[in-house]
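# A closer look at the structure
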Amino acid sequence: MRGAARRSANINVMYKAVEKAAYGLKRDFGEVENLQVSMKGPADFVSAADHRAEKRLREELERARPGYGFLLEEGGEVKGSDPEHRWIIDPLDGTTNFLHGIPHFAISVALQKGDEIIAGMIYDVAKDECFWAEKGLGAFLDNRRLRVSGRRRLNECVLACGVPHLGHGDHAAFEKQLHSVMDRCAGVRRMGAASLDLAYVAAGRYDGYWEADLNAWDIAAGLLIVTEAGGYVRDAKGGTNMLGTGSVVAANDYIQPVLAKTLKKAITD
């Protein structure tokens, strides 16, 4: 994190852990054809790389904060002696991209205190970009302050989304939503890593993003980063429990209500 701005002890701990995990992922990505791959379910793969990265993250974070618990994509929930704090970790978001040699995947780490996410970090391994935020202190890309896009007209916006695939999601509802949004915006992108979609909204690269059927580890860090970059995030029904519902509609405070209304109308008409 080159010359980073206002790094707290927690951010330093997170970055050190992410840096160690990223080193292994970079090596594994270069040898992706040799990875041992197993099936978790239809079109839902887990590789040896996921497990190695998660192990490195957990070891480093446990060393620095021994009492904190974990919510891990591969390892599940691990209770800590400190009941207030836990790490929420996706060691490799964008596994399918990774396994197909597509350089768009990330490590996502969030720190939760009680019911709040108080720190988040998303590291784009292939592009060496580190997005991070602390509650009340702003969001950053390395040492540069982030702000969401200022666009106010949906027809000028480029939006990101997640597309349901084999065994996941409501395909018919998504098709209606996509058709409705396509008719009203400048473009739609689907890149295959929810954490980076949120990071790109925070950076103003995307003007908005929506997806359903997500897990807490996919979005915990990204929700804070978008909010601290001045963004507005709700679930598809307008609620604030995105970690529980797994639904996200994120943009600036002008575009988000318009996008949410468009998505809702598409499946209720």
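Residues numbered from 1 in each chain as written. Predicted model: local features only at pLDDT ≥ 70, side-chain atom pairs only at ≥ 80, totals over all residues. Heavy atoms only, no water.

The chain is annotated in an unreviewed UniProt entry as Inositol-1-monophosphatase from Thalassospira aquimaris. On record in UniProt, under Sequence similarities (unreviewed entry), the comment for the chain is "Belongs to the inositol monophosphatase superfamily." The record in UniProt for the chain states the following under Catalytic activity (unreviewed entry): "a myo-inositol phosphate + H2O = myo-inositol + phosphate". (UniProt positions renumbered as here; feature names shortened; annotations may be inferred.)

Before going further, it helps to examine the pairing of strand β13 (residues 208–211). Burial along β13 is two-sided: G208 and W210 facing one way and Y209 and E211 facing the other are all buried. Bridge count between β13 and strand β15 (residues 248–251): 4 bridges; the pairing is antiparallel. Within the sheet, the bridge partner assigned to Y209 lies in β15 and is A250. (Buried < 20%, exposed > 50% of the residue type's maximum accessible area, 1.4 Å probe, protein only. Helix = DSSP H or I, 4+ residues; strand = E, 2+ residues; numbered from the N terminus. Pairing = 2+ DSSP bridges.)

What follows covers the sheet that holds strand β7 (residues 116–124). The sheet built from 8 strands is open, its strands ordered β4-β3-β5-β6-β7-β8-β9-β10 with mixed pairing. Only two strands of the sheet have a single neighbouring strand rather than two, namely β4 (76–78) and β10 (144–145). Where β7 meets strand β8 (residues 129–134), 6 bridges bridge the pair, whose relative direction is antiparallel. Each bridged residue has a counterpart across the sheet, and for A119 the counterpart in β8 is E134. Sitting on the sheet, helix α5 (residues 194–202) touches β5 (85–93), β6 (106–113), β7 and β8, and the angle it makes with β7 is about 100°. The sheet strands contacting helix α6 (residues 216–228) are β3 (69–72), β5, β6, β7, β8 and β9 (138–141), and the helix crosses β7 at an angle near 100°. (Contact = heavy atoms within 4.5 Å. Axes fitted to C-alpha atoms, helices over the stretch in contact; angles between N-to-C directions.)

As a further point, take the nonpolar core. Within the largest apolar cluster, 39 residues are counted, with the highest numbers of intra-cluster contacts made by I122, F131, L146, Y209, I225 and V248. Broken down by element, this core gets its largest block of residues, 9 residues, from α6. Those residues within four positions of V248 in sequence are excluded, and the remaining contacts are L198, Y209, W210, E211, L214, I219, L223, V233, R234, D235 and M242. Counting 35 residues, the second largest nonpolar core, distinct from the first, contains A49, F70, W87 and V109. (Core = buried A, V, L, I, M, F, W, Y, C linked by side-chain atoms within 4.5 Å.)

With that settled, the discussion passes to unusual backbone geometry. Of note, the phi angle at D128 is positive, near 55°, even though the residue is not glycine. For D128, a relative accessible area of 31% translates into the label partly exposed. The residue D142 is not glycine, and still its phi comes out positive at about 55°. Note on placement: D142 falls in the loop between β9 and β10. The exposure class assigned to D142 is buried, which follows from its relative accessible area of 10%.

Once that is clear, we can look at the pattern of salt bridges. The tally for this structure, following the rule as stated, stands at 14 salt bridges. Note that E62 and R58 form a salt bridge whose closest N and O atoms lie 3.1 Å from each other. You can see E62 and its partner R58 sitting in helix α2 (residues 48–64), 4 residues apart, about one turn around the helix. (Salt bridge = Lys/Arg side-chain N within 4 Å of Asp/Glu carboxyl O.)

What follows deals with the packing of aromatic side chains. Evaluation of the coordinates by the stated rule reveals 8 aromatic pairs. Judged by centre distance (6.3 Å) and plane angle (50°), the rings of F131 and Y200 are tilted. Residue F131 is located in strand β8, and its partner Y200 is located in helix α5; the two are separated by 69 residues in the primary sequence. Of the aromatic side chains, those joined through ring pairs into one cluster are F29, F98 and F105. Its end group placed over the ring of Y200, R205 keeps NZ or CZ at 4.7 Å from the ring centre. (Phe/Tyr/Trp six-rings, centres within 6.5 Å; stacked < 30°, edge-to-face > 60°. Lys NZ or Arg CZ within 6 Å of the ring centre and 35° of its normal.)

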